[in-house]
Amino acid sequence: MTDGSARVLETIGTPAMQEDILPRLISRDPEIAFTAGQWMTERPGGSDVSQTETVATPVSNVTSPYGPVYNINGFKWFSSATDSDVALALARTGPPNSGSRGLSLFLIPLRRPLIRPTSAPRPSALSNNIKVHRLKNKVGTKILPTAELSLEGAEAYLLGPINQGVKLIAPVLNITRIHSAIGSVGSLRRCLAVATAYSSVRSIAAGKQLLKDTPLHVAELAKVNVLYRALVHLTFGAVALLGKTECGVASEGEEMRLRMLTPAVKAFTSDKASGAMEECMAALGGQGYMEENGFGT
Ligand SMILES: Cc1cc2nc3c(=O)[nH]c(=O)nc-3n(C[C@H](O)[C@H](O)[C@H](O)COP(=O)(O)OP(=O)(O)OC[C@H]3O[C@@H](n4cnc5c(N)ncnc54)[C@H](O)[C@@H]3O)c2cc1C
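Residues numbered from 1 in each chain as written. Predicted model: local features only at pLDDT ≥ 70, side-chain atom pairs only at ≥ 80, totals over all residues. Heavy atoms only, no water.

1. A few points about the domain arrangement of the chain
How big an interface is tends to be stated in terms of accessible area lost as the parts join.
Then comes step 1: Segmentation of the chain into domains returns domain 1 (2-163) and domain 2 (170-293).
Then comes step 2: On a C-alpha basis, the centroid separation for the pair domain 1 and domain 2 is 32 Å.
Then comes step 3: Across the interface of domain 1 and domain 2, roughly 620 Å² is buried in total on both sides, 74% from carbon and sulfur atoms.
Then comes step 4: In this assembly, domain 1 and domain 2 are joined by one salt bridge.
Then comes step 5: For Arg-7, the salt bridge goes to Glu-246, with nearest N and O atoms at 3.9 Å.
Then comes step 6: Summed over the shared surface of domain 1 and domain 2, the number is one residue pair in polar contact (both at pLDDT 80 or more). (Domains from an automatic or database assignment. Buried area = accessible area lost by both parts, 1.4 Å probe. Salt bridge = Lys/Arg side-chain N within 4 Å of Asp/Glu carboxyl O. Polar contact = N/O pair within 3.5 Å; in protein donor to acceptor, adjacent residues only side chain to side chain.)

2. A word on the layout of surface pockets
Then comes step 1: Quantified by volume, the largest pocket comes out at close to 1,600 Å³.
Then comes step 2: In this structure, the largest pocket is lined by 40 residues; those nearest its centre are Ser-80, Thr-141, Leu-144, Thr-176 and Ser-180.
Then comes step 3: Looking at the lining of the largest pocket, the elements with two or more residues in it are helix H1 (2-12), strand E1 (36-39), strand E3 (69-80), helix H5 (170-199) and helix H7 (252-283).
Then comes step 4: Grouping the amino acids of the lining of the largest pocket by side-chain chemistry returns 14 nonpolar, 19 polar and seven charged.
Then comes step 5: Looking at the lining of the largest pocket, you find at least three residues from each of domain 1 (2-163) and domain 2 (170-293). (1 Å grid on protein atoms, 1.4 Å probe; cavity = no way out; pocket = protein on both sides within 12 Å on 5 of 7 lines; lining within 4 Å. Points joined across faces, edges and corners; volume = space filled by probe spheres on them. Helix = DSSP H or I, 4+ residues; strand = E, 2+ residues; numbered from the N terminus. Nonpolar A, V, L, I, M, F, W, Y, C, P; charged D, E, K, R; others polar.)

3. Some details on the packing of aromatic side chains
Then comes step 1: All told, the structure shown has three aromatic pairs when counted by the stated rule.
Then comes step 2: Ring geometry for Tyr-66 and Tyr-157: centres 5.4 Å apart, planes at 65°, overall edge-to-face. Pair noted here: Tyr-66 is in the loop between strand E2 (55-58) and E3 and Tyr-157 is in strand E7 (residues 146-159), with a separation of 91 residues, a long-range link.
Then comes step 3: Residue classification places Tyr-157 among the buried residues on the basis of a relative accessible area of 5%.
Then comes step 4: Ring centres 6.4 Å apart and planes at 45° place the aromatic pair Phe-75 and Trp-77 in the tilted group. (Phe/Tyr/Trp six-rings, centres within 6.5 Å; stacked < 30°, edge-to-face > 60°. Buried < 20%, exposed > 50% of the residue type's maximum accessible area, 1.4 Å probe, protein only.)

4. Focus: the site of the ligand
Then comes step 1: Met-1, Gln-38, Trp-39, Met-40, Thr-41, Gly-45, Gly-46, Ser-47, Phe-78, Ser-79, Ser-80 and Lys-138 make up every residue found near the ligand.
Then comes step 2: Contact distances for the ligand include 2.9 Å between an oxygen atom and a backbone N or O atom of Met-40.
Then comes step 3: In the environment of the ligand, an oxygen atom lies 2.2 Å from a nitrogen or oxygen atom belonging to the side chain of Ser-47.
Then comes step 4: Contact with the protein chains hides 39% of the accessible area of the ligand, taken as 970 Å² for the molecule alone.
Then comes step 5: Of all the secondary-structure elements, those providing two or more residues to the shell around the ligand are E1 and E3.
Then comes step 6: Broken down by element, the residue count for the shell around the ligand peaks at three residues, all from E3.
Then comes step 7: Here the shell around the ligand is built from residues that sort into four nonpolar, seven polar and one charged. (Near = heavy atom within 4 Å. Areas by Shrake-Rupley, 256 points an atom, 1.4 Å probe, with all protein chains shown as cover.)

So this is what it looks like as structure tokens:
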């Protein structure tokens, strides 16, 4: 989400955002680096944001170098990277019945002031009228906090033209989808490496034969290996198209292919990789189901 947000600021951020915030989103220096969240999902829906209830109201008496200032009020139901520094969020600027065409994109600081001396303490999200109600108790993804939170007059800055929010937030979703596919193939590779290594040391048949010399077992690992290689090609094919598109050298056809492929690559890769990881777990027998393997983290 940080990577995707950086891309949005690079393309439509104000000069002040590009000077103050963008370098922090792409920095590896923990002293200054920022992370970013993406807040779309609300109680009425996540894949369909047309019923978004969060409202943005322009604030006429406050100016900011980051752009037009708005107050945001509403409830975001699934807000990952809750400990981030900024979030890109959708909020309603059109009439209540305007569906997804009445949503604009905003940059919301999670703490104010956003830019502080490195020695200054880190304020809580309450400093920008953001109340974290609870962290969700998710299956998996334990390290990444996901919150239910309310925005109670949070200060935010309009990004890009008004009522174009759904279109403008697309790079965050698409880049995150590609990261998700890469995470899936990376995790599968690790599981496959562990299962392959185990087959060289685990003996069966009264200790007379190693798993690696057992045709049925090798055939199972080979199946996973073939799938892994196919998923790598699929994912990095999308990465190549993304790179060309971001550098402005993709053809119209390549841009269309990227647009069509990105959600499919994410869905297909994560679905197939998780099934294949289960095969790797089973390849270790009972030992495959122990937490200490790190398969489930
Ligand atoms: C771990 C995790 C982290 C998350 N982090 C964030 C975050 O940081 N920011 C954020 O904004 N959201 C986040 N979400 C929420 C996520 O984006 C939504 O849950 C997702 O978009 C689905 O929306 P929904 O929950 O409203 O499900 P629904 O849209 O209600 O979907 C329910 C079911 O209906 C199906 N469905 C929906 N629409 C259609 C359709 N048109 N045709 C056919 N089938 C359909 C879906 O495939 C699904 O099976 C997170 C979710 C998870 C699990």
